[in-house]
Amino acid sequence: MTAPHLHLPTPFPLAKVVTIATVAALALTAATAVAYRGLPSLGAVRAAGVPVRSADGRIVGQEVAVLTEAPDVPPPITRSYATKVIVNLEVIEKPMRLADSVEYTMWTFGGSVPGSFIRVREGDLVEFHLRNAANSTMPHNIDLHAVTGPGGGARASLTVPGGESVFSFTAMNPGLFVYHCATSPVPMHMANGMYGMILVEPKEGLPKVDREFYVMQSEFYTKGKYGEHGMQTLDMDKGIDEKPTYVVFNGAVGALTGDRALQAKVGERVRLFVGNAGPNLTSSFHVIGEIFDNVYGEGGSSVGEHNVQTTSIPAGGSTIVEFGVEQPGDLVLVDHAIFRAFNKGTLGILHVTGPENRTVFAAIKGIGVTAKGGQ
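Residues numbered from 1 in each chain as written. Predicted model: local features only at pLDDT ≥ 70, side-chain atom pairs only at ≥ 80, totals over all residues. Heavy atoms only, no water.

Caption draft 1: Structural detail: a nonpolar patch on the surface. Taken together, the side chains of Ile 338, Phe 339 and Phe 342 present a nonpolar region at the surface, about 350 Å² in accessible area. Along the polypeptide, Phe 339 turns up in helix H5 (residues 339-344). For Phe 339, a relative accessible area of 65% translates into the label exposed. (Patch = residues over 30% accessible without salt bridge, like charges linked within 9 Å, V, L, I, M, F, W, Y side chains within 5 Å. Areas by Shrake-Rupley, 256 points an atom, 1.4 Å probe, with all protein chains shown as cover. Salt bridge = Lys/Arg side-chain N within 4 Å of Asp/Glu carboxyl O. Helix = DSSP H or I, 4+ residues; strand = E, 2+ residues; numbered from the N terminus. Buried < 20%, exposed > 50% of the residue type's maximum accessible area, 1.4 Å probe, protein only.)

Caption draft 2: Representation of unusual backbone geometry in the model. Of note, the amide linkage connecting Val 113 to Pro 114 takes the cis form, showing an omega dihedral of 0 degrees. Relative to the helices and strands, Pro 114 is located in the loop between strand E4 (102-109) and strand E5 (118-121). Omega for the bond connecting Gly 278 with Pro 279 falls within 30 degrees of zero, at 10 degrees, which places this linkage in the cis form. Among the secondary structure elements, Pro 279 is positioned in the loop between strand E15 (269-278) and strand E16 (283-288). If you check the backbone angles, Asn 250 has positive phi at about 55 degrees while not being a glycine. Even without glycine at this site, Glu 298 takes up a positive phi of about 55 degrees. One can find Glu 298 in the loop between strand E17 (292-296) and strand E18 (305-308). We classify Glu 298 as exposed; its relative accessible area is 62%.

Caption draft 3: Seen up close, the side chain of Glu 322. Structurally, Glu 322 is set in strand E20 (residues 317-324). Owing to a relative accessible area of 2%, Glu 322 belongs among the buried residues under this scheme. Within the local environment of Glu 322, its side chain forms a polar contact with the side chain of Arg 271, the two groups lying 2.8 Å apart. When near neighbours in sequence (up to four residues on either side) are disregarded, Glu 322 contacts Arg 269, Val 270, Arg 271, Phe 292, Asp 293, Asn 294 and Tyr 296. (Polar contact = N/O pair within 3.5 Å; in protein donor to acceptor, adjacent residues only side chain to side chain. Contact = heavy atoms within 4.5 Å.)

Caption draft 4: Quick look at the sheet that holds strand E21 (residues 329-335). Read across the open sheet, the five strands follow the order E14-E22-E21-E16-E19; overall the sheet is mixed. Each of the sheet's edge strands pairs with one partner strand only, and the pair in question is strand E14 (262-265) and strand E19 (310-313). Sheet twist, expressed as the average angle between the axes of neighbouring strands with direction ignored, equals 20 degrees. (Pairing = 2+ DSSP bridges. Axes fitted to C-alpha atoms, helices over the stretch in contact; angles between N-to-C directions.)

Bear in mind that shape data such as this cannot, by itself, settle questions of function.
In structure tokens, the structure reads:
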């Protein structure tokens, strides 16, 4: 495993970096002690049949990860072996659209909110390069929930403006995982947009579908009211009180509507990789006009439920849902805590084109019915 190291730019005071790193290390140590208090012994865990995994180290070649911006997803992995995957990700702080005529200075992984989608295979050795843009105002790091190791990589990846950190890990557990910044104060970094998703495909791969999309829910806590024009900033008191001004998909109101709506055709199978960055709320994810044929609960690697109407996604969690589309029209993605959808922004569209099947659905009579019997 590559030893973690930290490249420091000359102008940044070393004493300040040491102080930041020390505080972060103490916080992580305390959190770990609390987390493990009262857990069963390793022997008891083994006796209960819980695997203690190890990296077998059989790595063939290397490749640079293809990263995509939401709602796009990198192509499925077709190789049948583990390889070394090099991930290059840069933290960029920049003003971005939050809603019409509303801007917010986002702290991003890769220049977008949510951050770049990362796709690797179970067993891959991931060499992670985290850079922090020279004009950033804060040190940043990354905690990937797919990592088995201290802080999910947070301690090893603390990176000052203009610097770079490198660490490696083996992707031992398949599933869909959240990643986020874990630099103190963690809620501030997350509330400003620092989160994304990493998919660890199982060795046997996922079933083939026609469309895959990346959707991530999150909250923004602004000083101004919902829709108030101009540049907005973080209201920490609203965050502490868990009263978001905005609850959105993919970083902004309307990010999945209009020209940005998701697209599919009748007869296709769709897979949604859905995350919930929080930082506070649980999502009640629902697609109006569809039923989830398969749900990989909490982002795990196997289908846990079929024929599901709404699935819960905890803050810092995920799910994978699959369904076939049988009828044209607009399917509406919502958080079914419904005020969030219609009054805070958690609403998107999957636009389906193709021939009608009146056996599946037919509008017969009513004010919304056209002369031809459609809608």
